[in-house]
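These are the residues of each chain, in order.
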Amino acid sequence: MENITRRLLQRVVRRFPSQTLRATLDKWERLSEAQRRSLDLSKTKWALTEKLLSICEVCDTFGVWISGVSRVIYVIDNPNQGMWYAFQLLDPKDDAHSVDLTQFKQQFKCHLSQLMRHVSIKIKKHTDEAVWIRIAWGDALSRPDHLKPTYVVYYLQSSHVFMTSLNSKLKPLLSQALVLSTRHRGMKDANLSGRNLTAITDLLMKRYQQVFPTKYPTPLAEKNEIESHPHIEREQAGAAAKRQQMACEAFGGGVLPQLQSAVYKLETRFKDHTNKIMTEREEPFRCVVKFSSVNLLESLRHCASSGIASTPVTPLLSSVPLKGRNSFVITDNGRSPSSQTQQSQK
Amino acid sequence: MEPPQRSMVRTPHKSVLVQRRSKSRSYRQSYRSCSGGPSRLCLTPALTARRLNTSRRPPKSQDITDKLKAEHLALLVKTRWKLSYVTPLYRFRHTQLRSYSRQLSAFIAAEQQRGVAVEVEGTQSGFRVSFSMLQGLASAENDDPETVLIQVHSKPLLSRQDEPQKLVWSGWLTCISGNPEYLSSLPRDFTCLPLFGSSGADGLTSVVKSWIQQTFDCCLGRLELNHTTLQWLLALWTNCHAQSNIQQLNMVWTLPSAPPLQVSFTVDPQDAWDLWRSVRKASAQEEEEEEEESCIDVEEVTRFLHGLKSHFYRHFRLELSAGSLSQVGTALGWAAVSGRIKMSSSRYVVTTLALLTECALLKMPI
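So, here's what we can say about the structure. Remember, predicted model here, so these are calculated numbers, not experimental data. (Residues numbered from 1 in each chain as written. Chains lettered and ligands numbered in written order. Predicted model: local features only at pLDDT ≥ 70, side-chain atom pairs only at ≥ 80, totals over all residues. Heavy atoms only, no water.)

## Topic: the packing of aromatic side chains
Threshold: Only Phe, Tyr and Trp rings take part, Trp by its six-membered ring, and two of them pair if their centres are within 6.5 Å. Stacked means planes under 30 degrees apart, edge-to-face means over 60, and tilted covers everything else. Where helices and strands are cited, they refer to DSSP runs of H or I of at least four residues and of E of at least two residues respectively, numbered from the N terminus. Burial classes follow relative accessibility: with a 1.4 Å probe on protein chains only, a residue under 20% of its type's maximum area counts as buried, one over 50% as exposed, and anything between as partly exposed.
Here the structure, examined in full by the defined rule, presents 23 aromatic pairs over all chains. Between the aromatic rings of Y264 of chain A and F316 of chain B, the centroid separation amounts to 4.9 Å while the plane-to-plane angle is 75°, which identifies the pairing as edge-to-face. Here Y264 of chain A, found in strand β7 (residues 261–268), pairs with F316 of chain B, found in helix α11 (residues 298–316), and the two come from separate chains. Comparing Y264 of chain A with F316 of chain B, the two get one shared label, buried. With centroids separated by 5.4 Å and ring planes inclined at 25°, the aromatic side chains of F92 of chain B and Y100 of chain B adopt a geometry described as stacked. By way of ring pairs, the aromatic residues Y264, F291 and F328 of chain A together with F265, F312 and F316 of chain B are connected into one cluster.

## Considerations on the interface of chain B and chain A
Here is the rule we go by: In this analysis, two residues are considered to be in contact whenever any of their non-hydrogen atoms come within 4.5 Å of each other. Simply put, the buried area is the total loss of 1.4 Å probe accessible area from both parts when two parts are fitted together. Salt bridge, as applied in this entry: a Lys or Arg side-chain nitrogen positioned within 4 Å of an Asp or Glu carboxyl oxygen.
Contact with chain B, which involves 36 residues of that partner, is made by 38 residues of chain A. Buried area between chain B and chain A, summed over both chains or domains, comes out near 3,000 Å², and the portion from carbon and sulfur atoms is 60%. Considering only the surface of chain B that becomes buried against chain A, R314, H315 and F316 of chain B emerge as the three largest contributors, covering 22% of it. Between chain B and chain A we count 4 salt bridges in total. Linking D268 of chain B and R286 of chain A is a salt bridge whose minimum nitrogen-to-oxygen distance equals 3.2 Å.

## Brief notes about the environment of V263 of chain B
Along the chain, V263 of chain B falls in strand β11 (residues 261–267). With relative accessibility at 0%, the residue V263 of chain B sits in the buried group. With 57 residues separating them along the chain, V263 of chain B and L320 of chain B place their C-alpha atoms 8.6 Å apart. When near neighbours in sequence (up to four residues on either side) are disregarded, V263 of chain B contacts V289, K290 and F291 of chain A together with M251, V252, W253, L255, F312 and L320 of chain B.

## Regarding unusual backbone geometry
That bond from T311 of chain A to P312 of chain A is cis: its omega, -5°, falls within 30 degrees of zero. Structurally, P312 of chain A is set in the loop between α11 (296–306) and α12 (315–323). Residue P259 of chain B follows A258 of chain B across a cis peptide bond; omega there is -10°. A positive phi angle is found at Q157 of chain A, which is not glycine, with a value near 65°. You can see Q157 of chain A is positioned in the loop between β4 (150–155) and β5 (160–164). Backbone geometry at R91 of chain B places phi at a positive 55°, although glycine is not the residue there.

## Observations regarding the pattern of salt bridges
All names here are of chain B. For the structure shown, the criterion picks out 13 salt bridges over all chains. E300 is the partner of R280 in a salt bridge, and the nearest nitrogen-oxygen pair spans 3.0 Å. Of this pair, R280 sits in helix α10 (residues 269–287) while E300 sits in helix α11, and the two are 20 residues apart along the sequence. Among the ionic pairs, R303 bridges to E299, the shortest N-O distance being 3.7 Å.

Encoded structure:
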């Protein structure tokens, strides 16, 4: 046990960047003020680990616990590590809105440990109503593996759940525990994923500047401008402004949530009036299109406003912010040739 | 520039390399310097093509597994190569590879002493260079100069005495299906191996390059693969689908938005093949030729790409033509605009290299 603790603590301390080490240690409530001050951060990390271990031995607390809580704090502060997947809870029961933190904590721990024998759960409430859950999984024969934990973020009384590094075998267990403890009847994949947790929560909860269609997008200008070619300039400026307006209506204005990619699986008929053979083909043309960028929504908005993408923006692209998802399967609605533009999104 | 024949007459044939270096004159030759002034040279009446061929024969699968050593073939197929073009090599002899190995080893050691960073991580300082010929890596019809493989070995740091040396750098110089008229128009002392592929530490690459430049009085430069070349590769690979599965057809487009947008477009192999066949059939009917026999025309390639782009546009209303094609890939190979390639299938290595040789010949400076 001693060895495991030492190894864990070493790995955890090594993983923290030195700049954030002080801040993280300050959040660690188990350590007293004096103990925290006694830690000399200018020393090597190895020396620091030894010091921490000696403190923990005195306090009679154990490293597994230490690493658990300190790493929850670390991930809360650095939520942009790994890939986050969004899930949606379905069919709330009548008392779903009255679930509070203590009840949720108790229920979740109870349900999950009934389903899995060796599992270690840490729950911590973050400042903005988010409940952070760290789960270390073990199996029938082994202890919980604290080096590969799953993180779950749940907003109380909402239907959104976000998870990172979850093994697909363990997903049913976790979703069952979540559904039961949040008083819902089901959970489904929300088809949204990204590296930036804040961005995907903002997108799902529509916390970005939305632009709505208006008849007069700008205040009416006074008509006293004298220009060389007033007609041409007005027309061009008008078209550009219109494109800009439509782009913002589709994707939002200002700074947009940082989404990295969107994937479309297309299984639609190939239609091209110059290619008769392919147009007459019965089978769908199967392809996968993946858009990626540092900030996908801003890239797409720029494409639309600069004319690379024609306006009005196709529903396929505007569905990303509108429906809050970035993974789509597109098929033809009917097999009849009449369904020219109708496409369904699954 | 003076006609190269005269300069050749002035150079004594038995002159030693070092002596020749001491003169300031350069004997650099290039495709364009030969083809550029037909009126003066009266050598190359047929060489006016400055563009990529507009039609080429469908690639034939060529089994080179029994011609090449297994380790060489594995190296060719498993590595990602960075491409450069090379102007014709002056006084390069395939019979002197042994001496070149020694010279290059000495050159690397000398550069190291001068303080040029050629260190490779985790290895000792000593490098052993070997030159070898890749006989058999050639097209069936053409009489091309043999491909030369250069390998640099070094001992891993902290290794025992008897441990074998590790391959730290490799590169090759090749010419496959080079334009025969151009090749025969070259003065006798020049060998044309216009395509140079390298893989390994950048420091070593630049040292080897500068050795080649100094020893054979030639120019090396980055070979970027343009839009047309990438499209050709895509079409040629797709054309092989009936014989060997391409698994998927992948294109990556970069669109100039702010921030830049990357679009990766992956097509099911069977559907890509059907689209390619429909494009081929349409033109085969026009020309009333047998499908298997007919050459692939650049128009078919364009039509194929147009089909793919229009399918994309129909869904996303986004003009891919506004951006640029930056990568193409199938199970048979992968290529990027930056001049990096991978030839994953040994059966089509020759075809791919033939196209790239053509690009390299075109890319040479005047």
